[in-house]
Each structure stands twice: as C-alpha cells, then as structure tokens.
2 protein chains.
Amino acid sequence: MKLETLNDLLVKNMIDLYDAEKQITKALPKMIKTATSEDLRAGFEEHLEQTQNHIIRLEDAFKELGMKAKGKKSEGMKALIDEGKLLMSEKGMEDSVMDAALIMAAQHVEHYEIAAYGTACAHAEALGLDRVFELLNETLEEEEETDEKLSDLAETAVNEAAALESEESEEEE
Amino acid sequence: MKLETLNDLLVKNMIDLYDAEKQITKALPKMIKTATSEDLRAGFEEHLEQTQNHIIRLEDAFKELGMKAKGKKSEGMKALIDEGKLLMSEKGMEDSVMDAALIMAAQHVEHYEIAAYGTACAHAEALGLDRVFELLNETLEEEEETDEKLSDLAETAVNEAAALESEESEEEE
C-alpha cells in the first residue's frame, strides 16, 4: 500500500487499529478470568463490549472512505498483549498484586489506543472528514474514560498489595 | 527475577523503562535528521536532552531501592520504535506528511512512557517510597508535557499536509 499523503497515513493507522482492536477482544477473556477483584472483572467485561463497538465504528469509518474494513497485524499491540500474557503466567503473586499487574498491562493497551485514535482524529479533522472524525472521536473518548477507570481501580488493588507487603515485612521482623 | 510483590512489579517496570529510555536516545537522532519543520527538530532535540535526564533519574531511583540500575529489552518500546523506523523509510511522502508521521510515532512512544511511569508512580506512592515517587513523577510530568507539545506541533504539519492534498485534488480536476 502506498504511503504518500495524510489520507494514506490515516488509513494506515485505521488498518493498524482494526487489527489492534481484534487482538484486544481475544486477550480480554483471559484477563477477565484472571482478575480477582469483582470491580476489575466487571470493568474488563464492560471494555470487551465497548471494544466490539469500536470495531463496528472502524468499519463504518472505512465505509465513509469508500473502503472495505481491513486489518494488518499491529506489532505494537502484539508486543503489549504478549507482555500482559507473560504477567498472567506468573505463579507467585497474591491476588491484589496480580490485579495491579493486569491493570498495568491494560493501561499500556489503553495508551497505545489513545495515541493512535488521537492522531487519527487530528488527521481526519484536518482532512475535513467530519463523520470519520466523529466516529473515531467517540472511541477516543471511551478509551480515555477506560484509562481513568483503571487508575481508580488500581488504587484499591495497589493499596491492598502494599498493605500485604508491610504485613509480610512485619512478620519477618 | 521473582515477581511476587508490588515492589517486584515496580522494579520490573523500572527495568523495562531503563531499557526503553535508552532505546529512545538511540532512535531520536534519526528522527531529528528526518524532521523537516525546524520546530519539530528543536522539540526532538530538547526531548533527547530530557531523555538523558530520565535515565539518570531512573539510576537514582534504583539507588534509593539499594540496587544498581539495570535494563532488560523492552519489547513494547522496540515494537513502537521499529514502527517509527518503517515510517521513516517511506520514500514518497512530502515533508509535512513525513513530519505528521514522525509525530504519530513519537506520540506512541510518549504514551507508552505515560502508562509505564503513571503505573510506577502509583506503586511507589502506595509503598511509601517517597523519593522514588518524586523522581518518577518528575519524568512523568515531562512526558505528559512532551505529548502536549507534539499535539501542538502536529497541528501545523497536519494542516499543511491536508492543504497539500486538496491542492493536488484540485490539480487533478
């Protein structure tokens, strides 16, 4: 595919995101299973539903550009998801530490998407592609909200994990 | 390395960031060379200096934890930088489109760091590691500022690239 104009750059980004979102729908079920806090599990479940919507919005945006939706392996997203899988395969973590690790992995994924959708929105807007901008911007806003929710959820997990640690060091004394 | 406690998770994150920052110092010179807008070049140059400082802050944070600084290949950062290299190897882009592509790549890098330092700060704070928190938080704030500056710089590049595109389509008519 040629990459010469701003429109090409926007399409390249959407092709990357279309695959990235699909990777996320495949990764989330294991994260839901691994999460121990009920709130975190519910948060991931909600995000899985949203992600399915993000895929539909991308399909609509491709349609606006007169194209059929397509994806090409997003190596950036793959690396982030692989890192999350490695964390989930760790055996020695207490529940709250695993939840903190899951949130860390999820926030990497969210920030990848915030960077990508943020850029795509700026490009669509400059190109006067109003409907494409609207579609991508709706998703961008949801990704930003998800990141904030994860930060809130992190507080509980992280504080529990920290408390556990000070208990252990007291026992050792 | 064992990964059981919140402290282990913090150290793992710092080890990843220590390598990630070094990868960035190696990637930026080519980005500086490729950028055509003087403002963007100056922005990347400033960020290279900041990044060298981020490495020193991480070394200080490791010292606070009684450890020698170490890094382990950050696969997440590697994937993002490789994507940037691919963009820079494209031959058919006008200057403003290449600048927009460079900014897109740089914002992916910044958001990786915002996610990682944001998480690390939350963990250091919960663990009562005040000095480590301070060091990491200073860098976090700089990464957030850099991301905002990139969004501002993007506006010029993206608008120029979009204008170019409408000129071309007028010529074709």
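See the structure printed just above.
Predicted, not measured: the structure shown is a model, and the values here were computed from it.

## A word on the overall build of chain A
Then comes step 1: The helix and strand tally for chain A stands at five helices and zero strands.
Then comes step 2: Each helix and strand of chain A, ordered N terminal to C terminal, gives the series α-α-α-α-α.
Then comes step 3: In terms of overall dimensions, chain A has C-alpha extents of about 65 × 25 × 25 Å along its principal axes.
Then comes step 4: Residues classed as buried in chain A amount to 53% of the 173 residues present.
Then comes step 5: Of the contacts formed within chain A by residues at least 6 apart in sequence, a portion of 76% connects residues at least 24 apart.
Then comes step 6: When the 18 basic and 43 acidic side-chain charges of chain A are each reduced to a single mean position, those positions are 15 Å apart.

## Remarks on the packing of helix H3 (residues 75-88) of chain B against helix H4 (residues 95-126) of chain B
Residue and element names in this part refer to chain B.
Then comes step 1: Interhelical geometry of H3 versus H4 gives an angle of 175° and a closest axis separation of 9 Å. Relative to H4, the element H3 lies roughly antiparallel. Each of Gly 76, Met 77, Leu 80, Ile 81, Gly 84, Leu 87 and Met 88 in H3 lies in contact with H4, whose residues at this interface are Met 98, Ala 101, Leu 102, Met 104, Ala 105, His 108, Val 109, Tyr 112 and Glu 113.
Then comes step 2: Classifying every residue of the contact of H3 with H4 by side-chain character gives 12 nonpolar, three polar and one charged.

## Some thoughts on the relation of the copies chain A and chain B
Then comes step 1: Of the transformation placing chain A onto chain B, the axial shift is 0.0 Å and the rotation is 180°, giving an RMSD of 0.0 Å. What the rotation and shift describe, once combined, is the action of a two-fold rotation axis. Of every C-alpha in chain A, the one belonging to His 111 of chain A sits nearest the axis of rotation, 2.7 Å from it.
Then comes step 2: Taken together, the interface assignments show that 100% of the residues at the interface of chain A recur at the interface of chain B, consistent with an identical surface on both copies.

## Describing a positive patch on the surface
Then comes step 1: A contiguous patch of positive charge on the surface is contributed by Lys 30, Lys 33, Lys 85 and Lys 91 of chain A.
Then comes step 2: The topology assignment puts Lys 30 of chain A in helix H1 (residues 6-34).

## Side note on helix H2 (residues 38-64) of chain A
Residues and elements named next belong to chain A.
Then comes step 1: Taking 1.5 Å as the rise per residue, H2 with 27 residues should run 39 Å; its terminal C-alpha atoms sit 39 Å apart, in good agreement.
Then comes step 2: Residues of H2 that are buried include every one of Leu 40, Phe 44, His 47, Leu 48, Gln 50, Thr 51, His 54, Ile 55, Arg 57, Leu 58, Ala 61 and Phe 62, and no others.
Then comes step 3: In this structure Ser 37 caps H2, since a side-chain oxygen of it lies 3.3 Å from the backbone nitrogen of Asp 39.

## Structural notes on H3 of chain B
Then comes step 1: Given a rise of 1.5 Å per residue, 14 residues ought to cover 20 Å, and the 20 Å separating the end C-alpha atoms of H3 of chain B matches this to within 8%.
Then comes step 2: Three or more residues of H3 of chain B are buried, namely Gly 76, Met 77, Ala 79, Leu 80, Ile 81, Gly 84, Leu 87 and Met 88 of chain B.
Then comes step 3: The inward-facing, buried residues of H3 of chain B abut H1, helix H3 (75-88) and helix H4 (95-126) of chain A together with helix H1 (6-34) and H4 of chain B.

## Considerations on the interface of chain A and chain B
Then comes step 1: Across the contact, 40 residues belong to chain A and 40 residues belong to chain B.
Then comes step 2: Taken together, both faces of the contact between chain A and chain B bury some 3300 Å²; the carbon and sulfur share is 69%.
Then comes step 3: There are two salt bridges connecting chain A and chain B.
Then comes step 4: With a closest N to O distance of 2.9 Å, Lys 12 of chain A and Glu 83 of chain B form a salt bridge.
Then comes step 5: Where chain A packs against chain B, one counts seven residue pairs in polar contact (both at pLDDT 80 or more).
Then comes step 6: For the side of chain A that touches chain B, the secondary structure elements donating two or more residues are H1, H3, H4 and helix H5 (130-172) of chain A.

Calculation notes
Residues numbered from 1 in each chain as written. Chains lettered and ligands numbered in written order. Predicted model: local features only at pLDDT ≥ 70, side-chain atom pairs only at ≥ 80, totals over all residues. Heavy atoms only, no water. Helix = DSSP H or I, 4+ residues; strand = E, 2+ residues; numbered from the N terminus. Buried < 20%, exposed > 50% of the residue type's maximum accessible area, 1.4 Å probe, protein only. Contact = heavy atoms within 4.5 Å. Lys, Arg positive; Asp, Glu negative; His and termini not counted. Charge placed at Lys NZ, Arg CZ, Asp CG, Glu CD. Axes fitted to C-alpha atoms, helices over the stretch in contact; angles between N-to-C directions. Parallel < 35°, antiparallel > 145°, perpendicular 65-115°, else oblique. Nonpolar A, V, L, I, M, F, W, Y, C, P; charged D, E, K, R; others polar. Least-squares fit on C-alpha atoms with pLDDT ≥ 70 in both. Patch = residues over 30% accessible without salt bridge, like charges linked within 9 Å, V, L, I, M, F, W, Y side chains within 5 Å. Areas by Shrake-Rupley, 256 points an atom, 1.4 Å probe, with all protein chains shown as cover. Salt bridge = Lys/Arg side-chain N within 4 Å of Asp/Glu carboxyl O. Expected span 1.5 Å × (residues − 1). Polar contact = N/O pair within 3.5 Å; in protein donor to acceptor, adjacent residues only side chain to side chain. Buried area = accessible area lost by both parts, 1.4 Å probe.

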